[in-house]
Amino acid sequence: MMEIARRLLLICALFSTWLTYSLAEEKQRRKVCAGTNNGLSSMGTSDERYSRYREEYGGCQVVDGNLELVFLTNVTVKHNLSFLSDIEEVTGYVLIYGCHTRVIPLTKLRIIRGRKTFSAATHPNKGFAVFIAWNHNSNDTGLGEIQLKALTGKLLLLK
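Below: a short report on this structure. Computed from a predicted model, the values in this text were never measured in an experiment.

1. Some points on the overall build of the protein chain
- Of regular secondary structure, the protein chain possesses two helices and eleven strands.
- Classification of the 159 residues of the protein chain by burial places 35% in the buried group.
- Here the analysis covers contacts within the protein chain between residues at least 6 apart in sequence; of these, 70% occur between residues at least 24 apart.
- On the protein chain, roughly 10,300 Å² of surface is accessible, and the fraction owed to carbon and sulfur atoms is 57%.

Below, the structure written as structure tokens:
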């Protein structure tokens, strides 16, 4: 009986070591970038924000924090947001506000953990893991499509 217990203990220790190594290896393969915590503040011009987003999120697979895309309002420039298509996970919230781009390709995004939520002035007692609003202008031009092909789960829409 003691021999069986020792063998089971050895098997558990080996499995634990393998699992720890596998998880560490997976984390090294995925590029993690820091999220932002700016909310609706808009520093710089629309083009400067676009450049900052491209630099922050380019090649990123995991956003450790919040993914905030706000006030991309220069409709004369076609902002290419394809650099967002590699993002698979966001640990905080996703905020898309005042973006007049045609497409936001979050095609691989499959997990929004919502460890931190966004509080909107219009709904002060609610915290949102996803907040998407005011993405058009008075000429009815603006955001045409948000591609969330890999995201599954429940979504509550408020008017």
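2. Quick word on the pairing of strand 10 (residues 130–133)
- Of the two faces of strand 10, the one lined by Phe 131 and Ala 133 is fully buried and the one lined by Val 130 and Ile 132 carries no buried residue.
- Of the strand pairs in this sheet, strand 5 (residues 94–99) and strand 10 are connected by four bridges, and their pairing is parallel. Looking across to strand 10, one finds that Tyr 97 is bridged to Ala 133.

3. Some remarks on the packing of aromatic side chains
- The tally for this structure, following the rule as stated, stands at six aromatic pairs.
- Taking 6.0 Å as the distance between ring centres and 65° as the angle between the ring planes, the aromatic pair formed by Tyr 50 and Phe 83 counts as edge-to-face. Of this pair, Tyr 50 sits in helix 2 (residues 46–57) while Phe 83 sits in the loop between strand 3 (67–72) and strand 4 (89–90), and the two are 33 residues apart along the sequence. When sorted by exposure, Tyr 50 lands in the same class as Phe 83, which is buried.
- Between Phe 118 and Phe 131, the ring centres sit 5.1 Å apart and the planes meet at 50°, which makes this aromatic pair tilted. In this pair, Phe 118 is assigned in strand 8 (residues 118–120) and Phe 131 in strand 10, connecting sequence segments 13 residues apart.

4. Remarks on the sheet that holds strand 5
- Read across the sheet, three strands follow the order 3-5-10 without closing on themselves; strand pairing throughout is parallel. A strand with exactly one partner marks an edge of an open sheet, and here the two such strands are strand 3 and strand 10. Neighbour-to-neighbour, the strand axes of this sheet turn through a mean angle of 5°, independent of strand direction.

5. A closer look at the pattern of salt bridges
- Across all of its chains, the model carries five salt bridges by this definition.
- Among the ionic pairs, Arg 30 bridges to Glu 88, the shortest N-O distance being 3.6 Å. With Arg 30 in the loop between helix 1 (2–29) and strand 1 (32–34) and Glu 88 in the loop between strand 3 and strand 4, this pair connects stretches of sequence that are 58 residues apart. Comparing Arg 30 with Glu 88 shows no difference in burial state: the two are buried.
- Among the ionic pairs, Arg 110 bridges to Glu 88, the shortest N-O distance being 3.9 Å. In this pair, Arg 110 is assigned in the loop between strand 6 (103–105) and strand 7 (111–112) and Glu 88 in the loop between strand 3 and strand 4, connecting sequence segments 22 residues apart.
- Since its relative accessible area comes to 39%, Arg 110 is described here as partly exposed.
- Several salt bridges share partner residues, and in doing so they unite Arg 30, Glu 88, Glu 89, Arg 110 and Arg 113 into one network.

6. Some remarks on empty space enclosed by the protein
- Going through the model one piece at a time under the given rule, you end up with one cavity of 30 Å³ or more.
- Computed from the structure, the largest cavity encloses a volume of approximately 40 Å³.
- Every residue lining the largest cavity is listed: Val 94, Ile 96, Leu 106, Leu 109, Ile 112, Val 130, Ile 132, Ile 146, Leu 148 and Leu 151.
- Breaking the lining of the largest cavity down by element, the ones donating at least two residues are strand 5 and strand 10.

7. Points about the sheet that holds strand 1
- Taking strand neighbours across the sheet as the criterion, the four strands line up as 1-2-4-7 in an open arrangement whose pairing is parallel. If you trace the sheet from one side to the other, it starts and ends with strand 1 and strand 7, each paired once.
- The sheet contact formed by strand 4 and strand 7 spans two bridges and is parallel. Looking at the pairing, Val 90 lines up with Ile 112 of strand 7.

Criteria and thresholds
Residues numbered from 1 in each chain as written. Predicted model: local features only at pLDDT ≥ 70, side-chain atom pairs only at ≥ 80, totals over all residues. Heavy atoms only, no water. Helix = DSSP H or I, 4+ residues; strand = E, 2+ residues; numbered from the N terminus. Buried < 20%, exposed > 50% of the residue type's maximum accessible area, 1.4 Å probe, protein only. Contact = heavy atoms within 4.5 Å. Areas by Shrake-Rupley, 256 points an atom, 1.4 Å probe, with all protein chains shown as cover. Pairing = 2+ DSSP bridges. Phe/Tyr/Trp six-rings, centres within 6.5 Å; stacked < 30°, edge-to-face > 60°. Axes fitted to C-alpha atoms, helices over the stretch in contact; angles between N-to-C directions. Salt bridge = Lys/Arg side-chain N within 4 Å of Asp/Glu carboxyl O. 1 Å grid on protein atoms, 1.4 Å probe; cavity = no way out; pocket = protein on both sides within 12 Å on 5 of 7 lines; lining within 4 Å. Points joined across faces, edges and corners; volume = space filled by probe spheres on them.

So yeah, pure geometry; function would need other evidence.
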